[in-house]
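The primary structure of each chain is shown beneath.
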Amino acid sequence: MSFTVWKNCTLATMDSNLSQAYGLIADAAIVASNGTIVWLGAQQDMPQQWGDLNKDAAINAAIDCAGRLITPGFIDCHTHLVYAGDRAAEFEARLNGASYEEISRAGGGINSTVRATREATPETLKAQSAVRLKALLSEGVTTVEIKSGYGLALEHEQKTLVAARELGREFPVDVMTTFLGAHAIPPEYGGRADDYVTAVIDMLIELNRNGLVDSVDAFCERIGFTSAQVRRVFENAKALGLPVKLHAEQLSDSAGTELACEFNALSCDHLEWLSDAGISAMQKSGTVAVLLPAAFYYLRETKLPPIEALRLAKVPIAISTDCNPGSSPCTSVLLVLNMASTLFRLTPEEAVVGVTRNAAMALGLNDRGVLAIGKKADFAIWNLQQPAQLVYALGANPLHSVVKNGVLVRQASDHV
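Residues numbered from 1 in each chain as written. Predicted model: local features only at pLDDT ≥ 70, side-chain atom pairs only at ≥ 80, totals over all residues. Heavy atoms only, no water.

A. A look at the overall build of the protein chain. Along its length, the protein chain carries 16 helices and 16 strands. Taken over C-alpha atoms, the radius of gyration comes to 21 Å for the protein chain, in line with the 22 Å a tight globule of 416 residues would show. C-alpha atoms of the protein chain, sized along the principal axes, occupy 70 × 45 × 45 Å. When the 416 residues of the protein chain are sorted by exposure, 58% land in the buried category. Once local pairs closer than 6 in sequence are excluded, the contacts in the protein chain between residues at least 24 apart make up 71%. Counting only carbon and sulfur atoms, one obtains 50% of the accessible surface of the protein chain, whose full area is about 16400 Å². (Helix = DSSP H or I, 4+ residues; strand = E, 2+ residues; numbered from the N terminus. Rg over C-alpha atoms; globule rule 2.2 N^0.38 Å. Buried < 20%, exposed > 50% of the residue type's maximum accessible area, 1.4 Å probe, protein only. Contact = heavy atoms within 4.5 Å. Areas by Shrake-Rupley, 256 points an atom, 1.4 Å probe, with all protein chains shown as cover.)

B. Looking closely at helix H6 (residues 154-170). Helix length check: H6 (17 residues) gives 24 Å between terminal C-alpha atoms against 24 Å at 1.5 Å per residue, within 8%. Looking at the buried positions of H6, the neighbouring elements they touch are helix H4 (110-119), helix H5 (122-137), strand S7 (141-147), strand S8 (174-182) and helix H7 (193-209). (Expected span 1.5 Å × (residues − 1).)

C. Main features of the packing of H5 against H6. Taken N-terminus to C-terminus, the directions of H5 and H6 make an angle of 50°; their axes are 10 Å apart at the nearest point. In terms of axis orientation, H5 runs oblique to H6. Once H5 is placed against H6, the crossing between them reads as right-handed. For the pair H5 and H6, contact is made by Pro122, Leu125, Lys126, Ser129, Ala130 and Leu133 and by Lys159, Thr160, Ala163, Glu166, Leu167 and Glu170, respectively. By residue class, the composition of the contact of H5 with H6 is six nonpolar, two polar and four charged. (Axes fitted to C-alpha atoms, helices over the stretch in contact; angles between N-to-C directions. Parallel < 35°, antiparallel > 145°, perpendicular 65-115°, else oblique. Left-handed = near helix turned anticlockwise from the far one by under 90°. Nonpolar A, V, L, I, M, F, W, Y, C, P; charged D, E, K, R; others polar.)

D. Here's a closer look at the pairing of strand S2 (residues 24-33). Counted residue by residue, S2 has seven buried out of 10 residues, so it is predominantly covered. In terms of strand pairing, strand S1 (residues 3-12) meets S2 through seven bridges, oriented antiparallel. Note on S2: the bridge partner recorded for Ala12 is Leu24. As paired strands, S2 and strand S3 (residues 36-42) are joined by six bridges and run antiparallel to one another. The residue of S3 that forms the bridge with Ala29 is Gly41. (Pairing = 2+ DSSP bridges.)

E. Structural view of the pairing of S8. S8 sits mainly inside the fold: eight of its nine residues count as buried. With three bridges connecting them, S8 and strand S9 (residues 215-220) associate as parallel partners. Within the sheet, the bridge partner assigned to Phe179 lies in S9 and is Val216. The parallel pair S8 and S9, bridged by H7, forms a crossover whose chirality is right-handed. (Right-handed = clockwise from strand over helix to strand, strands pointing away.)

F. Summary view of the sheet that holds strand S6 (residues 74-76). Overall, parallel pairing links the eight strands, which are arranged S6-S7-S8-S9-S10-S11-S12-S13 in an open sheet. The sheet is open, and its two borders are formed by S6 and strand S13 (317-319), each paired with just one other strand. Sheet twist, expressed as the mean angle between neighbouring strand axes with direction ignored, is 25°. Of the strand pairs in this sheet, S6 and S7 are connected by three bridges, and their pairing is parallel. Each bridged residue has a counterpart across the sheet, and for Phe74 the counterpart in S7 is Val141. Each of S8, S9 and strand S10 (245-248) touches helix H8 (residues 227-239); the most contacted strand, S9, lies at about 175° to it.

G. Looking closely at the environment of Gly211. Looking at the secondary structure, you find Gly211 in the loop between H7 and S9. A relative accessible area of 43% means that Gly211 is categorised as partly exposed. A sequence separation of 50 residues divides Gly211 from Leu161, and the C-alpha atoms of the two residues are 9.8 Å apart.

H. Representation of the packing of H7 against H8 within the structure. Running from N to C, H7 and H8 cross one another at 15°; their axes reach a closest spacing of 10 Å. In this view, H7 runs roughly parallel relative to H8, as classed from their interaxial angle. H8 is crossed by H7, and the crossing has right-handed handedness. Contacts from Ala193, Asp194, Val197, Thr198, Val200, Ile201 and Leu204 of H7 reach H8 at Gln229, Arg232, Val233, Asn236 and Ala237. Class assignment of the residues belonging to the contact of H7 with H8 gives a composition of seven nonpolar, three polar and two charged.

I. Local environment of the packing of aromatic side chains. Following the criterion strictly, the structure yields eight aromatic pairs and no others. Judged by centre distance (5.3 Å) and plane angle (35°), the rings of Phe74 and Trp382 are tilted. Taken together, the positions of Phe74 in strand S6 and Trp382 in strand S14 (residues 379-382) put the pair 308 residues apart, joining distant regions of the chain. Trp382 matches Phe74 in its accessibility class, with the two residues each being buried. Here the aromatic rings of Tyr83 and Tyr150 are separated by 6.1 Å at their centres, their planes lie at 75°, and the arrangement is edge-to-face. Of this pair, Tyr83 sits in the loop between S6 and helix H2 (88-95) while Tyr150 sits in the loop between S7 and H6, placing them 67 residues apart in sequence. Its relative accessible area of 6% is what places Tyr83 among the buried residues. Aromatic ring contacts, followed pair by pair, group Tyr189, Tyr196 and Phe225 into a single cluster. Across from the ring centre of Tyr83, 3.6 Å away, lies the NZ or CZ of Arg132, which sits over that ring. (Phe/Tyr/Trp six-rings, centres within 6.5 Å; stacked < 30°, edge-to-face > 60°. Lys NZ or Arg CZ within 6 Å of the ring centre and 35° of its normal.)

Dropping the structure here:
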């Protein structure tokens, strides 16, 4: 059997079963075969079958990591990465005093991106989105969630999800697709929100039939959809056997979290206005709290998510870029790690857990997010010695290389 050994490294396994912070193993080695981790631990404890590589150099390889840090591949578990155009004019308007809600109600916001996305050809849409994906990959991302929600009609939602699937085939990354038809009410359905929800359900059924949907999301908010409307969408997702997640409590407490937890949601995301009742519901359902510090920063919000209450309830906390054109045009997971600690006061360990182990949970994936025997051999090798350094430096990218499914797919010299 062919295998590869990475030796002379420090492993931040993020394995909660290990007593050290970050699941740290110093002076370590990790062994992969057929895309799976088959052994890891202190290098001095490595079994002889992997320690003596000179016996069969044709099928075995040893890579000296020169003391570098290895983490699980980063997982960006909440993005709107596939879209066309930008919203720089709205950014300027907000800096001149307009609120996010005012811009949305005036026909800007999500619907301005809907117009650009509908007008884009499939080729243009994918090409623009590939630039953003490459930026994420350059910072150690090996799994990314991509939502639809900028088409808001079957033809264009399908165009978005097809682009996401194709990006996953063309780049060394696993793409999880989320149908977010209930993102905003398109102009042609103005004043007919319930009719549009019916259209969303029809879209969901067709897109799922075409194999384009891994999960279902909605925007439950006073400028989005009511709890009753979201319930209709989620009931149909459940009937199709699809997991759900929710944009919840970003601008107000709409009790969306409690609704989502009735459906055992994978995650509830944003959560600045999350109530005690919502936290209790998440605790009972095992739902992950996905925090989006770049959106908090970009919109200049002041209401912090209830971090300490989430900690006390032992609700898993993930973090993500929320890459999108209006409230978080961010393609840097490393920047978001720092923001999670500086703005939300997460510890560096909590931040790194948030883009590895807990991010995997937020996508319903139990085969990644930690370095452990039997998990996918997806990991990032960093020109660092300690994992806190990932959170510490602003504007730095210490990535050395990326291994995806046990194969080297990126080196620091690669262009993005």
